[in-house]
Each structure stands twice: as C-alpha cells, then as structure tokens.
Amino acid sequence: MVYTRKDQRDLTRAERRKFVDAVLELKRSGRYDDFVRTHVRHYSSDGDDGLRAAHMAPSFLPWHRQYLLDFERALRALDPTVTVPYWDWTRDRTAAASLWGEDFMGGNGRRGDRQVMTGPFAHVRGDWTVTVGVTENRFLSRDFGHPADPVELPTRKELAWAMDDPVYDSEPWNSTSASGFRNKLEGWTPGKGSARLRNHNRVHRWVGGLMLGGASVNDPVFWLHHSFVDLLWSRWQTRNPGARYQPATPPPRGSSQYGRVVARHEPMPPFGVTPADVADHSRVYRYA
Ligand code: CU
Ligand code: CU
C-alpha cells in the first residue's frame, strides 16, 4: 500500500504524538543512533579522497531518499500509521511555527549554551541524550537564525532558482558545479559564510546547533527537512519527465572525479541500491 507523507503543519495532535513516540522508541532501542552513525560515516566533502555518496555529489538526493526510507521503515515497524512529515520552510519560517511546539520538535536553544529546553527532545526531559558525533555536550542544541552571521530561511525565489534548472547535475559533479538542479538545491555557491549557503544548506545553518555538520541527524527536525528536500526532487522530476539522473556513466579514468561520484546505475554505499533504483518512489509513498 502506498502511504502518504504529510506537511507537518497539517498533522493532527494525535499524529504529532505518534511520530514523536516512534522516534523516542527508536532512540531507546539504540537504533536511532545507528542512523546518526551512518550519516557521520558518509559525511565527506570535495576535499576528501574517495567516493562521495551523500553530499557534494550527484547522489545527494538519491542517497538521502534511501536513507529516509530506511528510517521510515524502522518507524513504521513500531507504528504502521507513522510516516515522515515534511517541513515546508518556504511557509513555516519563524520560531513561532507549530513545528517548534512543545508537543513536537521543541523550540530554539537558550542563550549561552544553546541547549534546547522545551519539547520531547530536550535533554532535561531525560529521553534524548546525544551520544554520536559530539565531543562535549550531550544535549540537543539550536541557534535559530545564526545571529553571529544572520541568515533567513530560503525564500520561494531562491528555491525557484533551483527548481527552474532543467538539468539534474553538471560537471565537475561536486559543490562547485555552477549549474544543475542538484547543487542549487543542495545549496553550495561561491562566497563566504551564510551567504554561500542556499536552500538545503541554508536550512541547516538557520536551525544551527547540532543541525550543522555530520551529526545533524541528532536533531529530529533533520528528517522533516530532508523529507521536504525529497518532495522538491519529486516535484522537479514530475516537471522534467525527460531529465534523468546525471552522470549516466562513471567519469572516465584520468578525470578529477574518477572513482569519486556515483553514476546512474552504480550502487550507493551503504545501501547497495542505485540512483536509478530509487528514481521512482510512487509505488512506495506519495506527498500530500
Ligand atoms: Cu546528509
Ligand atoms: Cu541535509
């Protein structure tokens, strides 16, 4: 049966609770932290050697699609009515959004140590101790708007800049690709600080705290953010029926990207599925 991922703002109180309960149950079992570990392990960038499967690469979108599917499957094994909702950050743009409610994601971090003190994932509640990818603090932290170098959530116009590009990705297939839907949505541009970050990256920066970097999965809003990123890819696919994942074939020997990016029919570690395998999600889930 095809299930539906909903806009988080449309969830009923009961649906919010079920999602939170399933996430907390996964955390208790230790499996949530396995997901965090997987993300940390695949957090490599242009400057690193070897294959980039998850970020700064064409497979950014299919990698996270499969990652979300695995997470959703784990949640649905606990409660078959749960799906991963999405956060439309072009609509819910402030700390006052119901997303950050006491019964859902909780709010901003406090001044000073940026510790989140409200909601089910506040460390003080006792259910959410961060164990992976941190060296000191074990609490969830956020820093809305990154006051040290202020940033707004992406606007519709900024998103349109990505959505209106009819080509999936372009050489050199990394964070410097000047054209292509993937890098514009992932959000790397030349420049410095917050100004460099667009769309997907900008949202990580806006939430701040643990949402920055490889350990971002420690903040459960990660899943709602990436559910929306996946929705955007899905919409783009519908709008561009002829446009396929690029590159179709691996970069040749001698190219700077040889052995560093996943081609359309190559398996993505650690999942083993290819970008082509996950191109069509319509038989598994749909977006409301
Ligand atoms: Cu990621
Ligand atoms: Cu991300």
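Here, every reference points to the structure presented above.
Cut-off values and rules
Residues numbered from 1 in each chain as written. Chains lettered and ligands numbered in written order. Predicted model: local features only at pLDDT ≥ 70, side-chain atom pairs only at ≥ 80, totals over all residues. Heavy atoms only, no water. Helix = DSSP H or I, 4+ residues; strand = E, 2+ residues; numbered from the N terminus. Rg over C-alpha atoms; globule rule 2.2 N^0.38 Å. Buried < 20%, exposed > 50% of the residue type's maximum accessible area, 1.4 Å probe, protein only. Lys, Arg positive; Asp, Glu negative; His and termini not counted. Charge placed at Lys NZ, Arg CZ, Asp CG, Glu CD. Donors = N, O, S within 2.8 Å, 3.2 Å for Na, K, Ca; no water. Core = buried A, V, L, I, M, F, W, Y, C linked by side-chain atoms within 4.5 Å. Contact = heavy atoms within 4.5 Å. Phe/Tyr/Trp six-rings, centres within 6.5 Å; stacked < 30°, edge-to-face > 60°. Lys NZ or Arg CZ within 6 Å of the ring centre and 35° of its normal. Axes fitted to C-alpha atoms, helices over the stretch in contact; angles between N-to-C directions. Parallel < 35°, antiparallel > 145°, perpendicular 65-115°, else oblique. Nonpolar A, V, L, I, M, F, W, Y, C, P; charged D, E, K, R; others polar. Arc of directions from axis to C-beta. Salt bridge = Lys/Arg side-chain N within 4 Å of Asp/Glu carboxyl O.

**Student:** Help me understand the overall build of the protein chain, please; the structure alone is not making it clear to me.
**Tutor:** In terms of helices and strands, the protein chain carries seven helices and two strands. Listing every helix and strand of the protein chain by position from the N terminus yields β-α-α-α-α-α-α-α-β. Radius of gyration (C-alpha) of the protein chain: 18 Å, near the 19 Å computed for a compact globule of 288 residues. Each principal axis of the C-alpha distribution contributes one length, and for the protein chain these read about 55 × 45 × 35 Å. Within the protein chain, buried positions represent 56% of all 288 residues. The distance from the centre of the 41 positive side-chain charges to the centre of the 34 negative ones in the protein chain is 2 Å.

**Student:** Please explain the coordination of the copper ion (ligand 2) as it appears in this structure.
**Tutor:** All of the protein donors around the copper ion (ligand 2) are His200 (NE2), His204 (NE2) and His226 (NE2); their distances to the metal are 2.0 to 2.1 Å. On the primary sequence, the residues serving as donors to the copper ion (ligand 2) are separated as H-x3-H-x21-H. Between the two metal centres, the copper ion (ligand 2) and the copper ion (ligand 1), the spacing is 4.1 Å. In this pair, histidine 200 and histidine 204 both sit in helix 6 (residues 199-207), four residues apart, roughly one turn of the helix. Residue classification places histidine 200 among the buried residues on the basis of a relative accessible area of 3%.

**Student:** Just to check I follow, could you spell out the coordination of the copper ion (ligand 1) for this structure?
**Tutor:** The expected angle between donors at a tetrahedral four-coordinate metal is 109.5 degrees. At an octahedral six-coordinate metal it is 90 or 180 degrees. For the copper ion (ligand 1), every protein donor is listed as His39 (NE2), His55 (NE2) and His64 (NE2), and the spread of their distances is 2.0 to 2.1 Å. Each donor residue of the copper ion (ligand 1) belongs to the same chain, and together they define the spacing H-x15-H-x8-H. You can call histidine 39 buried: its relative accessible area is 2%. On the accessibility criterion, histidine 64 (4% relative accessible area) is buried.

**Student:** Sorry if this is basic, but what is going on with the nonpolar core here?
**Tutor:** When a protein is soluble and globular, its nonpolar side chains tend to lie buried together. Trp87, Trp100 and Trp223 are the most contacted members of the largest nonpolar core, which has 71 residues in total. Breaking this core down by element, the ones donating at least two residues are helix 1 (13-29), helix 2 (31-41), helix 3 (60-78), helix 4 (156-163), helix 5 (181-186), helix 6, helix 7 (221-239) and strand 2 (285-287). It is helix 7 that contributes the most residues to this core, 10 residues altogether. Setting aside anything within four residues of it in sequence, one finds tryptophan 223 in contact with Tyr32, Phe35, Tyr67, Leu68, Phe71, Val84, Pro85 and Val217.

**Student:** Explain the packing of aromatic side chains here, please?
**Tutor:** A ring pair, where both rings are aromatic, is described by two values, the distance of the centres and the angle of the planes. Under the criterion given, the structure shown has 28 aromatic pairs. Taken together, the ring pairs connect Tyr32, Phe35, Trp63, Tyr67, Phe71, Phe121, Trp128, Phe222, Trp223 and Phe271 into an aromatic cluster. Seen from the ring of tyrosine 285, arginine 5 lies directly overhead, with NZ or CZ sitting 3.7 Å from the centre.

**Student:** Could you clarify how one ought to interpret unusual backbone geometry in this entry?
**Tutor:** Peptide bonds are, in most cases, trans, and in most cases residues other than glycine have a negative phi. Residue proline 172 is reached from glutamate 171 by a cis peptide bond, and omega for that bond is 0°. Its place among the elements puts proline 172 in the loop between helix 4 and helix 5. Here the bond from glutamine 246 into proline 247 is cis, since omega is 0°, no more than 30 degrees from zero. For arginine 114, which is not a glycine, the phi torsion comes out positive at approximately 65°. Its location among the elements puts arginine 114 in the loop between helix 3 and helix 4. The phi dihedral of asparagine 199 is positive, around 40°, even though this residue is not glycine.

**Student:** What's the story with the packing of helix 1 against helix 2 in this structure? I'm lost.
**Tutor:** Axes are the key here: two packed helices are described by the angle between their axes and the distance separating the axes. Interhelical geometry of helix 1 versus helix 2 gives an angle of 85° and a closest axis separation of 4 Å. Considered as vectors, helix 1 and helix 2 are oriented roughly perpendicular to each other. Between helix 1 and helix 2, the residues in contact are Val23, Leu26, Lys27 and Ser29 and Arg31, Tyr32, Asp33 and Phe35, respectively. Partitioning the contact of helix 1 with helix 2 into residue classes produces four nonpolar, one polar and three charged.

**Student:** How should the side chain of asparagine 174 be read in this particular structure?
**Tutor:** Looking at the secondary structure, you find asparagine 174 in the loop between helix 4 and helix 5. Discounting residues that sit within four places of it in the chain, asparagine 174 has contacts with Asp46, Arg52, Met56, Arg182, Asn183 and Gln257.

**Student:** When you look at helix 4 in this model, what are you seeing that I'm missing?
**Tutor:** Buried within helix 4 we find Glu158, Leu159, Ala162 and Met163. Down the axis of helix 4, the buried side of the element spans an arc of 140°, and every buried residue falls inside it. Taken together, the buried residues of helix 4 touch helix 5, helix 6 and helix 7.

**Student:** Help me out: how do you make sense of the pattern of salt bridges in this one?
**Tutor:** A side chain of one charge can pair with a side chain of the opposite charge when the charged atoms of the two come close. One pass over the structure, following the stated rule, counts 22 salt bridges. Here arginine 65 ties to aspartate 230 by a salt bridge, and the two come within 2.6 Å at their closest N and O atoms. Here arginine 65 is found in helix 3, whereas its partner aspartate 230 is found in helix 7, with 165 residues between them in sequence. When sorted by exposure, arginine 65 lands in the same class as aspartate 230, which is buried. One connected set of salt bridges, linked through shared partners, spans Arg5, Arg65, Glu72 and Asp230.

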